Structure formats: structure tokens, C-alpha cells
Amino acid sequence: MKRMLVAVFTALMLLITGCQSSTEQGATKTTRKQLLLVPADAINQQSAQAYRQTLVKANRMHRLDTTSPDAQRVLTIAQRLANQVSVFRPDATQWKWEVNTIKSDEVNAFCMPGGKIAVFTGIIRKLNLTDDELAAVIGHEISHALREHSREKVSQQLLQQGAITIVGVATGSQIHQGMAALISQYLFALPYSRTMETESDIMGLELMARAGFNPEAAPNVWRKMAKLQQGRTPPQFLSTHPSDQTRIANLEKALPTVKPLYEAAIKNAG
Ligand SMILES: [Zn+2]
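Residues numbered from 1 in each chain as written. Predicted model: local features only at pLDDT ≥ 70, side-chain atom pairs only at ≥ 80, totals over all residues.

Colleague: What am I meant to see in the overall build of the chain here?
Modeller: When its secondary structure is counted, the chain shows 12 helices and six strands. Counting the 270 residues in the chain, one finds 40% classified as buried. Excluding contacts between residues fewer than 6 apart, the proportion of contacts in the chain whose partners are at least 24 apart in sequence is 76%. (Helix = DSSP H or I, 4+ residues; strand = E, 2+ residues; numbered from the N terminus. Buried ≥ 20, exposed ≤ 12 C-beta atoms within 10 Å, placed from the backbone. Contact = placed C-beta atoms within 7 Å.)

Have a look at this one:
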């Protein structure tokens, strides 16, 4: 009986506190409720620290690119995209956004929780990305951060392990040191689920359209990725971002919804 009561209480607390959507739905209507048990602060602090370490390391190796035309493109495009985030979450306009380009053959790009963006020159060069295509990549990564997918996957993992309880979080228990270590262990190690990938694809598509980038470029990025995938050493980005027909088809299905946003953005700019 007692066990049952605990289970019912847990389920109730999950409904009350754990499940929420990190974002507003936008025109493309992402509404999935998420399990966000770990405090956002804990995730953001560790992400900021990891980002700093990445930059220090890149700088030490003279790989921080602040001057090249590609670095300029990354900065301009990321800023235009970040200017649109209030549609999905007004609080993100207050984030301490950072944008950096790293000289590396690696085909990679990410946006850590809290808006810490890094683009590797390898992804630009090996895919020969146009501005619109680069906007699709960065918009996708920004969407992972807006949706707090990292916080969600860490929450899921810790709950599964019994390292965190919904009741504990609901009653406001603090993150202790052991928990912080667990968070850092999982923060960047766990891949995003396919559901998360789809959400970021669609939200990214809307972001780029609102920022005045042609959304038709997004499916094209994944076509280029698929071509690259056929090579001998598939790029790291593809281990977490499989490019397949479903992904491309989902993006194309969403195009009619975001096209008017793109056209309006172009009209306003012109
Ligand atoms: Zn992704």
C-alpha cells in the first residue's frame, strides 16, 4: 500500500514539476512535454565551463579563427538566428550567447546549453556550405539549446539510475557534488534521441526562415551530409546526426509552413 502511494505521489509530482515544455510552440508547433528534473543552472554552469575549456585549447593550438571570411559568416549568421529566438523562448534573449569558429578538419558544430556556439571550419569546407545551409546547421544546433535537450537527456539518465528522484527535486533538494559529477559525466556523452533531432530540425527550420534564410537549404544540407557519409571515414557529426530520407522528408513537409515566414522576413529586410 505504502509503495503504491509513493508511486502515485511520484507520478503526480512528475506531472506537476517534471514535465514541461522548454519552449513556446512557434508556427511549426513543437509541444512535447519534457522531463526536466536537473536544475537548468547546473547544466548551464557546466556547459559554460566546458565551452571555456574548448576555447582555451583551440587558442593554445592557434585554431581559434576570429578573422577569416568564414568566421565572419558564422558570426553574422548566428547573430541573425539568435535575434529570432524570442518566438520560442523570450528568456533566451537574455542568455550570454557566444559564437566561435574553430579551424579544424572535423565536420562538426554545436550549441551548448545557454547559447555557446562553436562551428568547425571542416563542416563549412567539406560540405561547401552556402550562407543558407550554414544557417540551417547553426539553427538546428541553437534549437537543441532552446529545447534544453541536454538537460532532458541528463534528467532521464539520472532518473533511470536512481541517482535523482522526482520527489527530491520537487521538494527543492540542492544539487550536491556527487550529482554535479554525474551531470558532467553525461552532459556531452549521451547522444540526442531521434525525437530531439526531429524537433531541432523543425525548430531550426523556423528560426532560419524568420531570420531571412531560405529554408529550402535545410534538406540540402542533409543531402550533402549523406554524400559525405558514403566516404571511408564518416564525419563525427553524423554519428549523432544520421542523415536519412525520413529526416529530409520531415523537413520538406514543414517547408510550406515556414516559407511565408521567410518571405515576410525578406520583404521586411528589403
Ligand atoms: Zn542535432
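From this point on, the discussion continues.
Colleague: In this structure, what is going on with the nonpolar core? I would like to understand it.
Modeller: Taken as a class, soluble globular proteins show a tendency for nonpolar side chains to be buried jointly. If you look at the biggest cluster of nonpolar residues, it comprises 51 residues, and the most contacted ones within it are L81, V119, I123, A135, I138, I142 and M208. Examining the composition of this core, we find that eight residues originate from one element, helix 5 (residues 131-146), more than from any other. With residues near it in sequence (within four places) discarded, I138 still touches I77, A78, L81, A109, I117 and V119. I43, V154, L158 and I183 belong to the second-largest nonpolar core, a separate cluster that totals eight residues. (Core = buried A, V, L, I, M, F, W, Y, C linked by C-beta atoms within 7 Å.)

Colleague: Before we go on, may I ask you to explain the pairing of strand 6 (residues 116-120) in this structure?
Modeller: For a regular strand, side chains alternate in direction, first toward one face of the sheet and then toward the other. Counting buried positions over the five residues of strand 6 gives five, a clear majority of the element. What you see with strand 6 is no split at all: K116, A118 and F120 on one side and I117 and V119 on the other are buried throughout. By the bridge criterion, five bridges tie strand 4 (residues 98-102) to strand 6 in an arrangement that is parallel. Among the inter-strand pairings, V99 is bridged to a residue of strand 6, identified as I117. Hairpin geometry of strand 5 (residues 109-112) and strand 6 is characterised by an intervening segment of three residues between the two adjacent antiparallel strands and by a positive phi of about 90° at G114. (Pairing = 2+ DSSP bridges.)

Colleague: What exactly am I supposed to notice about the environment of I77 here?
Modeller: If you trace the backbone, I77 turns up in helix 3 (residues 69-82). Accessibility expressed as a C-beta count within 10 Å gives 24 for I77, which makes it buried. Residues I77 and V99, 22 residues apart in the sequence, show an inter-C-alpha distance of 10.0 Å. Ignoring anything within four residues of it in the chain, the contact list for I77 reads D131, L134, A135 and I138.

Colleague: I tried to follow helix 2 (residues 40-60) on my own but got confused; where do I start?
Modeller: Given 3.6 residues to a turn, an α-helix orients residues that are three or four positions apart in the same direction. Under the 1.5 Å per step criterion, the end-to-end length of helix 2 is 30 Å for 21 residues, consistent within 8% with the ideal 30 Å. Residues I43, N44, Q46, S47 and Y51 constitute the buried set of helix 2. Taken around the axis of helix 2, the buried residues stretch over an arc of 170°, which confines them to a single face. For helix 2, the exposed residues lying more than 90 degrees away from the buried face are D41, Q49, R52, Q53, V56, K57 and R60. Following helix 2 by one or two positions, H62 has its phi on the positive side, about 55°. (Expected span 1.5 Å × (residues − 1). Arc of directions from axis to C-beta.)

Colleague: Even after reading the chapter, I still don't get the sheet that holds strand 6, so can you show me in this structure?
Modeller: Strand order in the open sheet made by the four strands is 3-4-6-5, with mixed pairing throughout. The open sheet terminates on both sides in strands that have one partner only, identified here as strand 3 (64-65) and strand 5. The sheet contacts of helix 2 involve strand 3, strand 4, strand 5 and strand 6, and relative to strand 6 the element is tilted by about 35°. Across the sheet, helix 5 lies against strand 5 and strand 6, angled at about 30° from strand 5, the strand it touches most. (Axes fitted to C-alpha atoms, helices over the stretch in contact; angles between N-to-C directions.)

Colleague: Looking at this structure, I do not really get unusual backbone geometry. What am I missing?
Modeller: For residues other than glycine, phi is negative in most cases, and the peptide bonds are mostly trans. Positioned with a positive phi, K29 is a non-glycine residue whose angle comes to about 55°. Judged by the 11 C-beta atoms lying within 10 Å of it, K29 is exposed. Phi at E148 is positive, roughly 55°, even though this residue is not glycine. Within the secondary structure layout, E148 lies in the loop between helix 5 and helix 6 (149-161). Taking the C-beta count within 10 Å as the criterion, E148 has 25 such neighbours and is therefore assigned buried.

Colleague: Honestly, the pairing of strand 4 in this entry has me stumped. Any pointers?
Modeller: In terms of burial, strand 4 is a largely internal element, four of the five residues being buried. As judged from the two bridges shared by strand 3 and strand 4, these two strands associate in the antiparallel manner. Its bridge partner lying in strand 4, D65 is registered against T101.

Colleague: Looking at this structure, I do not really get the packing of helix 3 against helix 5. What am I missing?
Modeller: The relative placement of two packed helices comes down to the angle between their axes together with the axis-to-axis distance. Relative to each other, helix 3 and helix 5 sit at 55°, their axes nearing to 9 Å. Here helix 5 runs oblique to helix 3, going by the angle between their axes. The chirality of how helix 3 crosses helix 5 is right-handed. Contacts between helix 3 and helix 5 involve R73, I77, A78, L81 and A82 from the first element and D131, L134, A135, I138, G139 and I142 from the second. For the contact of helix 3 with helix 5, the per-class residue count stands at eight nonpolar, one polar and two charged. (Parallel < 35°, antiparallel > 145°, perpendicular 65-115°, else oblique. Left-handed = near helix turned anticlockwise from the far one by under 90°. Nonpolar A, V, L, I, M, F, W, Y, C, P; charged D, E, K, R; others polar.)

Colleague: Help me out: how do you make sense of helix 3 in this one?
Modeller: A rise of 1.5 Å per residue sets the reference length of helix 3, with its 14 residues, at 20 Å; its end C-alpha atoms lie 20 Å apart and thus fit the reference within 8%. Within helix 3, burial applies to A71, V74, I77, A78, R80, L81 and A82. Where helix 3 is buried, its residues meet strand 3, strand 4, strand 6, helix 5 and helix 9 (194-210).

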